[in-house]
Structures are given as C-alpha cells and as structure tokens.
Amino acid sequence: LAKTTQPISMDSYEGQEVNITCSHNNIATNDYITWYQQFPSQGPRFIIQGYKTKVTNEVASLFIPADRKSSTLSLPRVSLSDTAVYYCLVGDMGQGGKLIFGQGTELSVKP
Amino acid sequence: EAQVTQNPRYLITVTGKKLTVTCSQNMNHEYMSWYRQDPGLGLRQIYYSMNVEVTDKGDVPEGYKVSRKEKRNFPLILESPSPNQTSLYFCASSSRGLETQYFGPGTRLLVL
C-alpha cells in the first residue's frame, strides 16, 4: 500500500485557487488516486479520482504527472464553505481491501 | 435515499462493558469498512469486508470485532472497551473498496 504525505494545513482567501499536493512515492501500477473532503463532525465525502494526467469534475481538478509519484488537487475560486480537511488516498481498484488515509490537509479559507 | 446509517450516534460507557455499534447501508454495496478518527491521526481503518461472510483486518484492528452476516449490515463490536478506544467512529460502504465510499454520520464513543 502506498503511503501518502500531505501538508498538515494551508490557508487561503475567498476567490483564490487552492492547490493541495499529495506525495505517494511508492504508488503501484494498478493504484488509483482518490481525494475526499471532510467537514467537522461529518463523514468524509468523495471529491475526485484519477489514474493519470488530468481529471476534472464540477468541483475540482486532479493533476497527476507522468511518474505518478505525486498528485495535486486543485480547487478553483474557493469560498468559506470549502474550509475542511482534504484527504488523499491511494489504492488498487481491483483489490481495494485495506485502505490507508493520510493525515489530511486542513484548509482554512478566510474572507 | 441512498445512505449509510450508524447507531448510536453518541455513546458513553465504562471500561469492560461490551457494546455494539450498528452500521447499515441501503445501496446493495459489497464493500463495507469501519474507521476511527482521532485528533492528529486522521482516519484509520479498523476492519473491512469485501462481501458477506468475508472480513479482514485494517490498520488498527486490536480490541474490535466485526461480522458480516448480511450484505447491508456490518456491526462493530467492542468486547471489552478501554479508554483508549474513545474516538469518533465512521462506517463506510462502496461497490468495491476504492470506488466512491459513502460514509455514515459517525458515532462518538467515550469510554470511562
């Protein structure tokens, strides 16, 4: 299982683009990268998932370089409601049994 | 409405008194999992189940038991709770492990 490393915390202001990077040096060939968002006292919520290059949905973009040893979650024009903890998760879609979440990045968006 | 439910949401108990936290999902998911969350430690997986009658240890299984007799239910059992099991517990389910996981609302447990 690939271990992930993320910054513990980040600060931003409303309207800015926020990029959170996750390092996963031991990622395996079959591993996918998934990001979750968690608000205080709530369960995490799926944001985005990808394997390589770039994935975009209505909430975020996920950039994965060719070597796949890191990934960057990009949140465009954040608002106060984006203040949350963001988790990066790496695992094998085909097996997907044991899952390891990193410590997460606490994003604080200020007015 | 597709959801994962947990009961109870809050529980205060004493050391050694057996307890069960229930988890149920209505999405016909094969995969279910339990996590605990502690300040500064993020989410740590306790046990997971790939399907009925199939369970396996996660990262921190000591002191916990689970069972998966039916597809929709995955109870977490603490046979003899100790204060170090005071935590926030989440149940989750998905079609497969790394497919989108749906998390329950959490159970806050305090063991005195």
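Small disclaimer: the values here were computed from a predicted structure and weren't measured.

(A) View of the nonpolar core. By size, the foremost hydrophobic cluster in this structure holds 20 residues, and its most contacted members are Ile33, Trp35, Ile47, Leu73, Leu75 and Tyr86 of chain A. The biggest single contributor to this core is strand E8 (residues 84-92) of chain A, with four residues. When sequence neighbours within four positions are dropped, the list of residues in contact with Leu73 of chain A reads Val18, Asn19, Ile20, Trp35, Ile47, Ile48, Ala60, Ser61, Leu62 and Tyr86 of chain A. Residues Val4, Met32, Tyr64 and Val66 of chain B belong to the second largest nonpolar core, which totals 19 residues.

(B) Representation of the pairing of strand E9 (residues 87-94) of chain B in the model. Residue and element names in this part refer to chain B. The element E9 is largely enclosed, with a buried count of eight among its eight residues. A two-sided burial pattern is seen for E9, the buried positions comprising Ser87, Tyr89, Cys91 and Ser93 on one face and Leu88, Phe90, Ala92 and Ser94 on the other. Looking at chain direction, strand E4 (residues 31-38) and E9 are connected through seven bridges and run antiparallel. Bridging from a neighbouring strand, Met32 pairs with Ser93 of E9. Both E9 and strand E11 (residues 107-111) contribute to a ladder of three bridges, which runs antiparallel. Looking at the pairing, Leu88 lines up with Arg108 of E11. Bridge count between E9 and strand E10 (residues 102-103): two bridges; the pairing is antiparallel. The residue bridging Ser93 from the neighbouring strand is Tyr102, located in E10.

Calculation rules
Residues numbered from 1 in each chain as written. Chains lettered and ligands numbered in written order. Predicted model: local features only at pLDDT ≥ 70, side-chain atom pairs only at ≥ 80, totals over all residues. Heavy atoms only, no water. Core = buried A, V, L, I, M, F, W, Y, C linked by side-chain atoms within 4.5 Å. Buried < 20%, exposed > 50% of the residue type's maximum accessible area, 1.4 Å probe, protein only. Helix = DSSP H or I, 4+ residues; strand = E, 2+ residues; numbered from the N terminus. Contact = heavy atoms within 4.5 Å. Pairing = 2+ DSSP bridges.

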